[in-house]
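Each chain is listed here by its residues.
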Amino acid sequence: MQRLDLPMMLVLVALHFAVVVFGAGDDDFSRNDFPASFVFGSGSSAYQVEGAAFEDGRTPSIWDTFSHAGAYNGANGDVACDAYHKYKEDVQLMVDTGLEAYRFSISWSRLIPNGRGPVNPKGLQYYNNLINELVGHGIQPHVTLCHYDVPQVLEDEYGGWLSEKIINDFIAYADVCFKEFGDRVLHWTTVNEANVFALGGYDLGFTPPGRCSPHVGIGPCSRGNSSTKPYIVAHSMLLTHSSVFRLYKRKYKSTQHGFVGLNIFAYRFIPHTNATADEGATLRAYAFYLGWFISPLIFGDYPVTMKDRVGSRMPTFTRQESEQVKGAIDFIGLNHYATLHVKDRPSAFERDFRDFNTDAAIQLVFEQGGVTPKGEYPWTQPGLQAVLEYFKKTYGNLPIYIHENGQTTPRNATLNDMGRVEYLHAYIRNLLDAMRNGSNVRGYFSWSFLDGMELLDAYESAYGLYYVDLDDKNLTRYPKLSQHWYSNFLKGKSRKSSVNLEIGKEVSHSSESEFSS
(Lines give C-alpha, C1' and ligand atoms only; values in the text may rest on other atoms or scores of the structure.)
Protein backbone atom coordinates (compact mmCIF):
# COMPACT_ATOMS: atom_id res chain seq x y z
CA MET A 1 0.00 0.00 0.00
CA GLN A 2 1.62 3.23 -1.16
CA ARG A 3 2.01 5.85 1.50
CA LEU A 4 1.23 9.52 0.98
CA ASP A 5 4.37 11.62 0.94
CA LEU A 6 4.66 12.88 4.52
CA PRO A 7 5.76 16.47 3.76
CA MET A 8 2.82 16.81 1.40
CA MET A 9 0.52 15.48 4.10
CA LEU A 10 1.83 17.93 6.65
CA VAL A 11 1.33 20.86 4.33
CA LEU A 12 -2.10 19.66 3.26
CA VAL A 13 -3.10 19.72 6.88
CA ALA A 14 -2.51 23.45 6.72
CA LEU A 15 -5.16 23.98 4.05
CA HIS A 16 -7.19 26.91 5.22
CA PHE A 17 -10.22 28.87 4.22
CA ALA A 18 -9.03 32.21 2.97
CA VAL A 19 -12.23 33.85 1.84
CA VAL A 20 -15.77 32.95 2.66
CA VAL A 21 -18.15 34.00 -0.06
CA PHE A 22 -21.82 33.61 0.70
CA GLY A 23 -23.86 33.07 -2.41
CA ALA A 24 -27.52 33.21 -3.19
CA GLY A 25 -29.60 30.69 -5.07
CA ASP A 26 -31.67 27.56 -4.63
CA ASP A 27 -28.56 25.63 -3.60
CA ASP A 28 -27.63 27.89 -0.71
CA PHE A 29 -28.31 26.36 2.70
CA SER A 30 -26.65 25.84 6.06
CA ARG A 31 -27.01 23.96 9.34
CA ASN A 32 -29.49 26.64 10.40
CA ASP A 33 -32.00 25.38 7.82
CA PHE A 34 -32.41 22.20 9.87
CA PRO A 35 -34.34 22.06 13.14
CA ALA A 36 -32.36 22.72 16.32
CA SER A 37 -33.42 19.27 17.57
CA PHE A 38 -31.92 17.59 14.48
CA VAL A 39 -28.47 16.08 15.11
CA PHE A 40 -25.49 15.95 12.79
CA GLY A 41 -22.70 13.55 13.53
CA SER A 42 -20.34 10.95 12.14
CA GLY A 43 -19.75 7.30 12.86
CA SER A 44 -17.58 4.22 13.24
CA SER A 45 -17.82 0.69 14.61
CA ALA A 46 -15.80 -1.23 17.16
CA TYR A 47 -13.84 -3.64 14.97
CA GLN A 48 -13.20 -1.01 12.32
CA VAL A 49 -11.43 1.48 14.60
CA GLU A 50 -10.77 0.18 18.12
CA GLY A 51 -7.83 -2.17 17.65
CA ALA A 52 -6.54 -3.68 20.91
CA ALA A 53 -8.01 -6.94 19.68
CA PHE A 54 -6.16 -9.08 22.20
CA GLU A 55 -5.91 -6.63 25.09
CA ASP A 56 -7.66 -6.35 28.43
CA GLY A 57 -9.73 -9.50 28.16
CA ARG A 58 -11.31 -9.09 24.73
CA THR A 59 -11.95 -12.33 22.83
CA PRO A 60 -12.37 -12.77 19.06
CA SER A 61 -15.58 -11.99 17.20
CA ILE A 62 -16.67 -13.54 13.93
CA TRP A 63 -15.11 -10.53 12.17
CA ASP A 64 -11.70 -11.32 13.73
CA THR A 65 -12.01 -14.89 12.50
CA PHE A 66 -13.16 -13.80 9.05
CA SER A 67 -10.21 -11.42 8.73
CA HIS A 68 -7.60 -13.85 9.99
CA ALA A 69 -8.91 -16.52 7.62
CA GLY A 70 -7.64 -14.37 4.75
CA ALA A 71 -10.73 -12.48 3.65
CA TYR A 72 -8.67 -9.29 3.24
CA ASN A 73 -5.40 -10.79 2.03
CA GLY A 74 -3.78 -10.52 5.42
CA ALA A 75 -5.33 -7.26 6.62
CA ASN A 76 -7.28 -7.25 9.86
CA GLY A 77 -8.54 -5.08 12.70
CA ASP A 78 -5.98 -6.09 15.30
CA VAL A 79 -4.75 -2.51 15.54
CA ALA A 80 -6.96 -0.57 13.09
CA CYS A 81 -7.02 3.09 14.24
CA ASP A 82 -6.20 2.18 17.86
CA ALA A 83 -9.25 4.10 19.03
CA TYR A 84 -9.17 1.97 22.19
CA HIS A 85 -6.13 3.94 23.34
CA LYS A 86 -6.71 7.16 21.42
CA TYR A 87 -10.35 7.83 22.25
CA LYS A 88 -9.65 11.09 24.07
CA GLU A 89 -7.72 12.42 21.10
CA ASP A 90 -10.51 11.34 18.76
CA VAL A 91 -13.22 12.98 20.85
CA GLN A 92 -11.23 16.20 20.78
CA LEU A 93 -11.17 15.97 16.98
CA MET A 94 -14.95 15.57 17.09
CA VAL A 95 -15.16 18.71 19.21
CA ASP A 96 -12.91 20.55 16.76
CA THR A 97 -15.12 19.41 13.88
CA GLY A 98 -18.27 20.47 15.70
CA LEU A 99 -19.98 17.07 15.82
CA GLU A 100 -23.25 17.06 17.69
CA ALA A 101 -23.42 13.26 17.91
CA TYR A 102 -21.17 10.24 17.44
CA ARG A 103 -22.36 6.81 16.39
CA PHE A 104 -20.23 3.87 17.49
CA SER A 105 -20.70 0.23 18.39
CA ILE A 106 -19.89 -1.82 21.46
CA SER A 107 -17.79 -4.93 20.99
CA TRP A 108 -19.85 -7.68 22.59
CA SER A 109 -16.75 -9.86 23.01
CA ARG A 110 -14.90 -7.01 24.73
CA LEU A 111 -17.70 -6.37 27.21
CA ILE A 112 -18.70 -10.02 27.80
CA PRO A 113 -15.77 -12.15 26.56
CA ASN A 114 -17.59 -15.48 26.83
CA GLY A 115 -20.70 -14.17 25.08
CA ARG A 116 -22.64 -14.66 28.29
CA GLY A 117 -21.83 -14.51 31.96
CA PRO A 118 -19.29 -12.24 33.67
CA VAL A 119 -18.76 -8.70 32.45
CA ASN A 120 -15.17 -7.72 31.64
CA PRO A 121 -14.25 -4.80 33.96
CA LYS A 122 -11.73 -3.41 31.46
CA GLY A 123 -14.27 -3.45 28.67
CA LEU A 124 -16.85 -1.81 30.89
CA GLN A 125 -14.34 0.85 31.88
CA TYR A 126 -13.43 1.62 28.26
CA TYR A 127 -17.00 2.21 27.13
CA ASN A 128 -17.80 4.22 30.24
CA ASN A 129 -14.74 6.36 29.57
CA LEU A 130 -15.68 6.87 25.93
CA ILE A 131 -19.28 7.74 26.73
CA ASN A 132 -18.26 10.10 29.52
CA GLU A 133 -15.76 11.82 27.25
CA LEU A 134 -18.44 12.34 24.61
CA VAL A 135 -21.11 13.54 27.00
CA GLY A 136 -18.62 15.79 28.78
CA HIS A 137 -18.07 17.61 25.50
CA GLY A 138 -21.75 17.85 24.65
CA ILE A 139 -21.70 15.09 22.02
CA GLN A 140 -24.62 12.65 21.95
CA PRO A 141 -23.59 8.97 21.98
CA HIS A 142 -25.63 6.79 19.57
CA VAL A 143 -24.78 3.15 20.23
CA THR A 144 -25.05 0.02 18.08
CA LEU A 145 -25.00 -3.33 19.88
CA CYS A 146 -23.97 -5.61 17.01
CA HIS A 147 -21.99 -4.43 13.99
CA TYR A 148 -20.98 -7.68 12.22
CA ASP A 149 -19.17 -8.89 15.36
CA VAL A 150 -20.96 -11.66 17.25
CA PRO A 151 -18.58 -13.34 19.75
CA GLN A 152 -16.83 -16.23 18.04
CA VAL A 153 -17.47 -18.41 21.08
CA LEU A 154 -21.22 -18.25 20.37
CA GLU A 155 -20.63 -18.91 16.68
CA ASP A 156 -18.69 -22.02 17.66
CA GLU A 157 -21.23 -23.15 20.24
CA TYR A 158 -24.47 -22.91 18.26
CA GLY A 159 -23.89 -21.05 14.99
CA GLY A 160 -24.58 -17.52 16.17
CA TRP A 161 -27.54 -16.01 14.29
CA LEU A 162 -28.44 -19.40 12.83
CA SER A 163 -29.84 -20.45 16.18
CA GLU A 164 -32.59 -18.86 18.21
CA LYS A 165 -30.39 -19.59 21.22
CA ILE A 166 -28.80 -16.25 20.44
CA ILE A 167 -31.97 -14.45 21.55
CA ASN A 168 -31.45 -14.97 25.28
CA ASP A 169 -27.72 -14.28 25.08
CA PHE A 170 -28.32 -11.05 23.16
CA ILE A 171 -31.04 -9.99 25.62
CA ALA A 172 -28.62 -10.49 28.51
CA TYR A 173 -25.91 -8.53 26.67
CA ALA A 174 -28.32 -5.69 25.89
CA ASP A 175 -29.51 -5.68 29.49
CA VAL A 176 -25.95 -5.09 30.67
CA CYS A 177 -25.56 -2.21 28.21
CA PHE A 178 -28.86 -0.58 29.19
CA LYS A 179 -28.06 -0.95 32.88
CA GLU A 180 -24.48 0.31 32.69
CA PHE A 181 -24.72 3.00 30.00
CA GLY A 182 -28.40 3.85 29.68
CA ASP A 183 -28.23 6.82 32.05
CA ARG A 184 -26.16 8.61 29.36
CA VAL A 185 -27.13 6.81 26.13
CA LEU A 186 -30.61 7.48 24.73
CA HIS A 187 -30.30 6.03 21.22
CA TRP A 188 -29.74 2.29 20.80
CA THR A 189 -29.54 0.27 17.59
CA THR A 190 -29.68 -3.50 17.99
CA VAL A 191 -28.17 -4.69 14.68
CA ASN A 192 -26.35 -2.77 11.97
CA GLU A 193 -27.33 -3.43 8.35
CA ALA A 194 -29.41 -6.44 9.27
CA ASN A 195 -30.25 -7.16 5.63
CA VAL A 196 -26.63 -7.03 4.46
CA PHE A 197 -25.53 -9.04 7.51
CA ALA A 198 -27.93 -11.82 6.51
CA LEU A 199 -27.08 -11.71 2.79
CA GLY A 200 -23.36 -11.00 2.95
CA GLY A 201 -22.71 -13.42 5.76
CA TYR A 202 -25.01 -16.30 4.86
CA ASP A 203 -25.90 -16.09 1.14
CA LEU A 204 -22.92 -14.65 -0.74
CA GLY A 205 -20.24 -15.11 1.91
CA PHE A 206 -18.49 -11.75 1.51
CA THR A 207 -19.03 -10.54 5.09
CA PRO A 208 -18.57 -12.29 8.45
CA PRO A 209 -19.02 -15.15 9.12
CA GLY A 210 -18.54 -15.98 5.43
CA ARG A 211 -21.11 -18.74 4.91
CA CYS A 212 -22.59 -19.67 1.51
CA SER A 213 -23.30 -22.52 -0.87
CA PRO A 214 -20.19 -23.33 -2.94
CA HIS A 215 -21.63 -22.30 -6.32
CA VAL A 216 -23.34 -19.12 -5.06
CA GLY A 217 -20.82 -17.21 -2.97
CA ILE A 218 -18.60 -14.39 -4.12
CA GLY A 219 -15.70 -15.89 -2.21
CA PRO A 220 -14.89 -19.47 -1.21
CA CYS A 221 -17.04 -20.67 1.69
CA SER A 222 -16.27 -23.75 3.73
CA ARG A 223 -19.89 -24.19 4.81
CA GLY A 224 -23.38 -22.78 4.45
CA ASN A 225 -26.64 -23.02 2.55
CA SER A 226 -27.52 -19.91 0.57
CA SER A 227 -31.02 -21.16 -0.15
CA THR A 228 -32.22 -21.25 3.46
CA LYS A 229 -29.77 -19.74 5.92
CA PRO A 230 -30.22 -16.02 5.11
CA TYR A 231 -33.94 -16.30 5.85
CA ILE A 232 -33.27 -18.17 9.10
CA VAL A 233 -30.75 -15.53 10.20
CA ALA A 234 -33.12 -12.66 9.40
CA HIS A 235 -35.86 -14.35 11.41
CA SER A 236 -33.53 -14.72 14.41
CA MET A 237 -32.51 -11.08 14.11
CA LEU A 238 -36.11 -9.89 14.10
CA LEU A 239 -37.05 -12.01 17.10
CA THR A 240 -33.92 -10.84 18.91
CA HIS A 241 -34.44 -7.19 18.09
CA SER A 242 -38.08 -7.23 19.16
CA SER A 243 -37.19 -9.03 22.40
CA VAL A 244 -34.59 -6.38 23.21
CA PHE A 245 -37.07 -3.63 22.33
CA ARG A 246 -39.66 -5.15 24.69
CA LEU A 247 -37.03 -5.52 27.43
CA TYR A 248 -36.11 -1.84 27.21
CA LYS A 249 -39.73 -0.73 27.14
CA ARG A 250 -40.58 -2.87 30.16
CA LYS A 251 -37.51 -2.29 32.31
CA TYR A 252 -35.82 0.98 31.32
CA LYS A 253 -38.05 3.25 29.24
CA SER A 254 -39.81 4.94 32.15
CA THR A 255 -36.56 5.99 33.82
CA GLN A 256 -34.07 6.36 30.97
CA HIS A 257 -36.48 7.68 28.30
CA GLY A 258 -34.41 6.26 25.45
CA PHE A 259 -35.17 4.73 22.07
CA VAL A 260 -34.42 1.40 20.38
CA GLY A 261 -34.17 0.98 16.62
CA LEU A 262 -32.92 -1.35 13.88
CA ASN A 263 -30.55 -0.42 11.07
CA ILE A 264 -30.83 -1.57 7.44
CA PHE A 265 -28.96 -0.81 4.25
CA ALA A 266 -31.04 0.92 1.59
CA TYR A 267 -30.31 1.56 -2.06
CA ARG A 268 -32.55 3.74 -4.13
CA PHE A 269 -34.00 1.42 -6.76
CA ILE A 270 -35.23 2.68 -10.12
CA PRO A 271 -36.44 0.69 -13.15
CA HIS A 272 -33.76 0.13 -15.77
CA THR A 273 -36.33 0.80 -18.50
CA ASN A 274 -39.93 1.96 -18.69
CA ALA A 275 -41.05 -1.62 -19.29
CA THR A 276 -43.76 -2.88 -16.96
CA ALA A 277 -41.59 -5.87 -16.08
CA ASP A 278 -38.76 -3.64 -14.83
CA GLU A 279 -41.19 -1.52 -12.84
CA GLY A 280 -42.53 -4.65 -11.16
CA ALA A 281 -38.99 -5.86 -10.51
CA THR A 282 -38.22 -2.54 -8.80
CA LEU A 283 -41.11 -3.02 -6.40
CA ARG A 284 -39.83 -6.54 -5.69
CA ALA A 285 -36.37 -5.15 -4.99
CA TYR A 286 -37.77 -2.83 -2.34
CA ALA A 287 -39.88 -5.63 -0.85
CA PHE A 288 -36.96 -8.05 -0.67
CA TYR A 289 -34.26 -5.68 0.52
CA LEU A 290 -36.28 -3.38 2.80
CA GLY A 291 -39.65 -5.02 3.40
CA TRP A 292 -37.91 -8.19 4.53
CA PHE A 293 -37.15 -6.48 7.85
CA ILE A 294 -39.40 -3.44 7.97
CA SER A 295 -42.73 -5.10 7.09
CA PRO A 296 -42.65 -7.43 10.12
CA LEU A 297 -41.86 -4.47 12.39
CA ILE A 298 -44.76 -2.43 10.99
CA PHE A 299 -47.34 -5.04 9.96
CA GLY A 300 -46.29 -8.16 11.86
CA ASP A 301 -45.33 -10.32 8.87
CA TYR A 302 -43.09 -10.62 5.84
CA PRO A 303 -44.11 -9.07 2.50
CA VAL A 304 -46.60 -11.21 0.57
CA THR A 305 -44.38 -11.27 -2.51
CA MET A 306 -41.52 -12.72 -0.46
CA LYS A 307 -43.67 -15.40 1.13
CA ASP A 308 -45.10 -16.37 -2.26
CA ARG A 309 -41.70 -16.62 -3.93
CA VAL A 310 -39.64 -18.15 -1.13
CA GLY A 311 -42.36 -20.60 -0.13
CA SER A 312 -41.58 -23.18 2.53
CA ARG A 313 -38.02 -21.88 2.93
CA MET A 314 -39.42 -18.70 4.50
CA PRO A 315 -39.71 -18.96 8.30
CA THR A 316 -43.10 -18.11 9.75
CA PHE A 317 -44.07 -16.12 12.82
CA THR A 318 -46.35 -17.67 15.37
CA ARG A 319 -49.24 -15.47 16.43
CA GLN A 320 -47.40 -14.53 19.59
CA GLU A 321 -44.18 -13.76 17.70
CA SER A 322 -46.07 -11.60 15.20
CA GLU A 323 -47.53 -9.57 18.04
CA GLN A 324 -44.10 -9.27 19.62
CA VAL A 325 -42.41 -8.07 16.41
CA LYS A 326 -45.17 -5.72 15.22
CA GLY A 327 -44.53 -2.20 16.46
CA ALA A 328 -41.19 -3.10 18.08
CA ILE A 329 -39.42 -0.06 16.67
CA ASP A 330 -38.80 3.49 17.87
CA PHE A 331 -36.79 4.52 14.84
CA ILE A 332 -35.24 3.13 11.68
CA GLY A 333 -31.55 3.59 11.01
CA LEU A 334 -30.76 3.89 7.30
CA ASN A 335 -27.40 3.37 5.62
CA HIS A 336 -27.61 4.80 2.12
CA TYR A 337 -24.93 5.45 -0.47
CA ALA A 338 -26.10 5.02 -4.05
CA THR A 339 -28.79 4.27 -6.64
CA LEU A 340 -29.16 0.99 -8.52
CA HIS A 341 -31.15 0.26 -11.68
CA VAL A 342 -33.35 -2.83 -11.59
CA LYS A 343 -33.98 -5.28 -14.43
CA ASP A 344 -36.54 -8.03 -14.36
CA ARG A 345 -34.88 -11.45 -14.59
CA PRO A 346 -37.70 -14.03 -14.79
CA SER A 347 -35.37 -16.84 -15.85
CA ALA A 348 -33.72 -16.77 -12.42
CA PHE A 349 -36.94 -17.91 -10.80
CA GLU A 350 -36.88 -21.05 -12.95
CA ARG A 351 -33.64 -22.39 -11.51
CA ASP A 352 -33.61 -25.58 -9.48
CA PHE A 353 -31.42 -24.06 -6.77
CA ARG A 354 -32.66 -20.71 -5.56
CA ASP A 355 -31.34 -18.16 -3.10
CA PHE A 356 -32.37 -14.63 -2.19
CA ASN A 357 -31.33 -13.12 -5.52
CA THR A 358 -33.01 -15.72 -7.68
CA ASP A 359 -36.11 -15.62 -5.47
CA ALA A 360 -36.35 -11.90 -6.18
CA ALA A 361 -35.66 -12.58 -9.89
CA ILE A 362 -33.98 -9.24 -10.43
CA GLN A 363 -30.71 -7.95 -11.81
CA LEU A 364 -29.18 -4.91 -10.15
CA VAL A 365 -27.16 -2.54 -12.33
CA PHE A 366 -24.83 0.18 -11.08
CA GLU A 367 -24.30 3.07 -13.50
CA GLN A 368 -21.26 5.20 -12.83
CA GLY A 369 -22.31 8.24 -14.83
CA GLY A 370 -20.02 10.58 -16.71
CA VAL A 371 -19.20 13.13 -14.01
CA THR A 372 -18.04 10.95 -11.13
CA PRO A 373 -14.53 9.46 -11.14
CA LYS A 374 -14.38 5.69 -11.35
CA GLY A 375 -14.44 4.12 -7.90
CA GLU A 376 -16.56 6.88 -6.36
CA TYR A 377 -20.31 7.05 -5.88
CA PRO A 378 -22.22 9.36 -8.25
CA TRP A 379 -23.54 12.50 -6.57
CA THR A 380 -25.26 14.47 -9.32
CA GLN A 381 -28.61 12.73 -8.77
CA PRO A 382 -28.75 11.75 -5.10
CA GLY A 383 -31.39 9.17 -4.23
CA LEU A 384 -31.85 9.73 -0.50
CA GLN A 385 -35.06 11.70 -0.84
CA ALA A 386 -36.59 8.98 -3.01
CA VAL A 387 -35.76 6.32 -0.40
CA LEU A 388 -37.27 8.44 2.35
CA GLU A 389 -40.40 9.03 0.27
CA TYR A 390 -40.72 5.28 -0.23
CA PHE A 391 -40.52 4.68 3.51
CA LYS A 392 -43.05 7.41 4.23
CA LYS A 393 -45.59 6.11 1.75
CA THR A 394 -45.10 2.40 2.42
CA TYR A 395 -44.52 2.16 6.16
CA GLY A 396 -45.77 5.41 7.63
CA ASN A 397 -43.68 8.32 8.76
CA LEU A 398 -41.58 6.67 11.45
CA PRO A 399 -38.60 8.56 12.86
CA ILE A 400 -35.51 7.86 10.77
CA TYR A 401 -31.83 8.47 11.39
CA ILE A 402 -29.46 8.47 8.44
CA HIS A 403 -26.79 6.36 10.14
CA GLU A 404 -24.38 6.13 7.23
CA ASN A 405 -23.90 8.22 4.12
CA GLY A 406 -20.59 9.08 2.54
CA GLN A 407 -18.22 8.90 -0.39
CA THR A 408 -15.67 6.20 -1.09
CA THR A 409 -12.21 6.94 -2.46
CA PRO A 410 -8.97 4.98 -2.69
CA ARG A 411 -7.42 5.13 0.77
CA ASN A 412 -4.23 7.01 -0.02
CA ALA A 413 -5.63 9.21 -2.77
CA THR A 414 -5.46 12.76 -1.39
CA LEU A 415 -6.50 14.95 1.49
CA ASN A 416 -8.05 17.27 -1.08
CA ASP A 417 -11.15 15.05 -1.31
CA MET A 418 -13.36 17.36 -3.33
CA GLY A 419 -15.43 14.41 -4.53
CA ARG A 420 -16.46 13.73 -0.95
CA VAL A 421 -17.33 17.40 -0.45
CA GLU A 422 -19.48 17.37 -3.59
CA TYR A 423 -21.16 14.14 -2.52
CA LEU A 424 -21.97 15.27 1.00
CA HIS A 425 -23.25 18.61 -0.20
CA ALA A 426 -25.57 16.98 -2.72
CA TYR A 427 -26.93 14.41 -0.28
CA ILE A 428 -27.48 16.83 2.59
CA ARG A 429 -29.32 19.12 0.20
CA ASN A 430 -31.41 16.13 -0.89
CA LEU A 431 -32.11 15.30 2.75
CA LEU A 432 -33.26 18.85 3.42
CA ASP A 433 -35.66 18.62 0.46
CA ALA A 434 -37.06 15.36 1.87
CA MET A 435 -37.62 16.92 5.26
CA ARG A 436 -39.32 19.92 3.74
CA ASN A 437 -41.59 17.42 2.02
CA GLY A 438 -42.52 15.90 5.37
CA SER A 439 -40.04 13.06 5.96
CA ASN A 440 -39.56 12.46 9.68
CA VAL A 441 -35.76 12.39 9.77
CA ARG A 442 -34.15 13.12 13.12
CA GLY A 443 -30.43 12.97 12.42
CA TYR A 444 -27.61 12.47 9.91
CA PHE A 445 -24.26 10.73 10.43
CA SER A 446 -21.55 10.85 7.80
CA TRP A 447 -19.63 7.64 7.23
CA SER A 448 -17.06 7.73 8.50
CA PHE A 449 -15.24 9.88 11.02
CA LEU A 450 -11.87 8.14 10.55
CA ASP A 451 -10.45 6.10 7.70
CA GLY A 452 -10.98 2.75 9.39
CA MET A 453 -11.01 -0.86 8.29
CA GLU A 454 -13.78 -1.14 5.72
CA LEU A 455 -16.12 -4.13 5.58
CA LEU A 456 -15.56 -4.97 1.92
CA ASP A 457 -11.86 -4.30 1.37
CA ALA A 458 -10.19 -3.48 4.70
CA TYR A 459 -7.72 -0.65 4.04
CA GLU A 460 -8.02 -0.29 0.28
CA SER A 461 -10.88 2.23 0.32
CA ALA A 462 -11.62 5.14 2.61
CA TYR A 463 -14.68 7.08 3.72
CA GLY A 464 -13.29 9.19 6.55
CA LEU A 465 -13.22 12.87 7.30
CA TYR A 466 -9.78 12.14 8.80
CA TYR A 467 -6.97 10.22 7.17
CA VAL A 468 -5.13 7.83 9.50
CA ASP A 469 -1.51 7.16 8.61
CA LEU A 470 -1.14 3.42 9.15
CA ASP A 471 2.60 3.59 8.49
CA ASP A 472 3.10 5.95 11.40
CA LYS A 473 3.44 4.16 14.75
CA ASN A 474 1.36 6.96 16.29
CA LEU A 475 -1.41 6.43 13.73
CA THR A 476 -1.61 10.20 13.32
CA ARG A 477 -4.93 11.62 12.13
CA TYR A 478 -4.97 14.27 9.39
CA PRO A 479 -8.07 16.29 8.46
CA LYS A 480 -9.20 16.16 4.88
CA LEU A 481 -10.87 18.94 2.93
CA SER A 482 -14.20 17.27 3.72
CA GLN A 483 -13.53 17.65 7.45
CA HIS A 484 -13.05 21.39 7.04
CA TRP A 485 -16.15 21.55 4.90
CA TYR A 486 -18.31 19.59 7.35
CA SER A 487 -16.98 21.64 10.25
CA ASN A 488 -17.86 24.90 8.50
CA PHE A 489 -21.32 23.60 7.72
CA LEU A 490 -21.91 22.51 11.31
CA LYS A 491 -20.83 25.92 12.51
CA GLY A 492 -23.56 27.56 10.46
CA LYS A 493 -21.65 28.75 7.44
CA SER A 494 -23.33 28.69 4.08
CA ARG A 495 -22.49 26.50 1.15
CA LYS A 496 -20.09 28.59 -0.88
CA SER A 497 -16.49 29.12 -0.04
CA SER A 498 -13.07 29.57 -1.52
CA VAL A 499 -10.31 27.24 -0.50
CA ASN A 500 -6.57 27.70 -0.82
CA LEU A 501 -4.70 24.41 -0.85
CA GLU A 502 -1.05 25.05 -0.03
CA ILE A 503 1.17 22.24 -1.22
CA GLY A 504 4.80 23.13 -0.79
CA LYS A 505 5.42 26.28 -2.77
CA GLU A 506 2.56 25.59 -5.13
CA VAL A 507 -0.93 26.88 -4.47
CA SER A 508 -3.90 25.38 -6.26
CA HIS A 509 -7.05 27.47 -5.97
CA SER A 510 -10.46 25.87 -5.84
CA SER A 511 -13.17 28.49 -5.90
CA GLU A 512 -16.88 28.14 -5.27
CA SER A 513 -16.31 24.81 -3.56
CA GLU A 514 -19.39 23.42 -1.89
CA PHE A 515 -19.80 23.45 1.85
CA SER A 516 -22.44 21.43 3.56
CA SER A 517 -22.76 18.25 5.47
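Rules used throughout
- Residues numbered from 1 in each chain as written.
- Predicted model: local features only at pLDDT ≥ 70, side-chain atom pairs only at ≥ 80, totals over all residues.
- Heavy atoms only, no water.
- UniProt positions renumbered as here; feature names shortened; annotations may be inferred.
- 1 Å grid on protein atoms, 1.4 Å probe; cavity = no way out; pocket = protein on both sides within 12 Å on 5 of 7 lines; lining within 4 Å.
- Points joined across faces, edges and corners; volume = space filled by probe spheres on them.
- Helix = DSSP H or I, 4+ residues; strand = E, 2+ residues; numbered from the N terminus.
- Core = buried A, V, L, I, M, F, W, Y, C linked by side-chain atoms within 4.5 Å.
- Buried < 20%, exposed > 50% of the residue type's maximum accessible area, 1.4 Å probe, protein only.
- Axes fitted to C-alpha atoms, helices over the stretch in contact; angles between N-to-C directions.
- Parallel < 35°, antiparallel > 145°, perpendicular 65-115°, else oblique.
- Left-handed = near helix turned anticlockwise from the far one by under 90°.
- Contact = heavy atoms within 4.5 Å.
- Nonpolar A, V, L, I, M, F, W, Y, C, P; charged D, E, K, R; others polar.
- Pairing = 2+ DSSP bridges.
- Expected span 1.5 Å × (residues − 1).

- Under an unreviewed UniProt entry, the name given to the protein chain is Beta-glucosidase 11, and the source organism is Nicotiana attenuata.
- Annotation of the protein chain in UniProt includes, under Sequence similarities (unreviewed entry), the sentence "Belongs to the glycosyl hydrolase 1 family."

### Concerning the layout of surface pockets
Move 1: If you add up the space inside the largest pocket, you get close to 940 Å³.
Move 2: Phe-206, Phe-265, Tyr-267, Tyr-377 and Leu-456 are, among the 39 residues lining the largest pocket, the residues nearest its centre.
Move 3: Contributions of two or more residues to the lining of the largest pocket are made by helix H9 (194-202), helix H12 (276-299) and helix H15 (356-360).
Move 4: When residues of the lining of the largest pocket are assigned to their parent elements, the largest contribution, four residues, is made by H9.

### Focus on the nonpolar core
Move 1: Ranked by internal contacts, the top residues of the largest apolar core, which has 147 residues, are Trp-161, Trp-292 and Leu-431.
Move 2: Core analysis: the second largest hydrophobic core is formed by five residues, Val-39, Ala-101, Phe-331 and Phe-445 among them.

### Observations concerning the packing of H12 against helix H16 (residues 384-395)
Move 1: Close contact between H12 and H16 brings their axes to 11 Å; oriented N to C, the two are set at 45°. Relative to H16, the element H12 lies oblique. Helix-helix and strand crossings are classified by hand; for H12 and H16 the assignment is right-handed. Here Tyr-286, Ala-287, Leu-290, Gly-291, Ile-294, Ser-295, Ile-298 and Phe-299 of H12 lie close against H16, whose contacting residues are Tyr-390, Phe-391, Thr-394 and Tyr-395.
Move 2: Class assignment for the residues of the contact of H12 with H16 results in nine nonpolar, three polar and no charged.

### Brief notes about the sheet that holds strand S9 (residues 339-344)
Move 1: Pairing within the open sheet is mixed, and its three strands lie in the order S7-S9-S10. At either margin of the open sheet sits one strand with a lone partner, and together these are strand S7 (268-271) and strand S10 (362-365). Here the average twist between neighbouring strands, direction ignored, is 35°.
Move 2: Here S9 pairs with S10 via four bridges, running antiparallel. Residue pairing across strands places Lys-343 opposite Gln-363, the latter belonging to S10.
Move 3: Where H12 meets the sheet, its contacts fall on S7, S9 and S10, and the angle it forms with S9 comes to roughly 120°.

### So, empty space enclosed by the protein
Move 1: Tallied over the entire structure, the rule returns two cavities of 30 Å³ or more.
Move 2: Size it by volume and the largest cavity reaches roughly 120 Å³.
Move 3: Lining the largest cavity are 17 residues, and of these Ser-44, Val-49, Ala-83, Tyr-102 and Tyr-126 sit closest to its centre.
Move 4: Contributing elements (two or more residues each) for the lining of the largest cavity: helix H2 (46-49), helix H4 (83-97), strand S3 (101-105) and helix H6 (121-136).
Move 5: In terms of residue class, the lining of the largest cavity is built from 12 nonpolar, three polar and two charged.

### Comments concerning the sheet that holds strand S2 (residues 39-43)
Move 1: Here we have eight strands rolled up into a closed barrel, ordered S2-S3-S4-S5-S6-S8-S11-S13, and parallel in their pairing. Neighbour-to-neighbour, the strand axes of the sheet open up by a mean angle of 25°, direction not taken into account.
Move 2: Bridge count for S2 against S3 is three bridges, and the pairing is parallel. Each bridged residue has a counterpart across the sheet, and for Ser-42 the counterpart in S3 is Tyr-102.
Move 3: Sitting on the sheet, helix H8 (residues 166-181) is in contact with strand S4 (140-146), strand S5 (187-191) and strand S6 (259-265), with an inclination near 165° to S4.

### Thoughts on helix H17 (residues 418-436)
Move 1: Between its first and last C-alpha atoms H17 spans 27 Å; for 19 residues at 1.5 Å apiece the expected length is 27 Å, and the two agree.
Move 2: Counted residue by residue, H17 has 15 buried out of 19 residues, so it is predominantly covered.
Move 3: Looking one or two residues beyond H17, the residue adopting positive phi is Gly-438, at roughly 105°.

### Some words on the environment of Leu-384
Move 1: Checked against the element boundaries, Leu-384 lands in helix H16.
Move 2: Through-space distance from the C-alpha of Leu-384 to that of Asn-405 is 9.3 Å; in sequence the pair is 21 residues apart.
Move 3: In contact with Leu-384, not counting residues within four places along its chain, are His-336, Ile-402, Tyr-427, Asn-430 and Leu-431.

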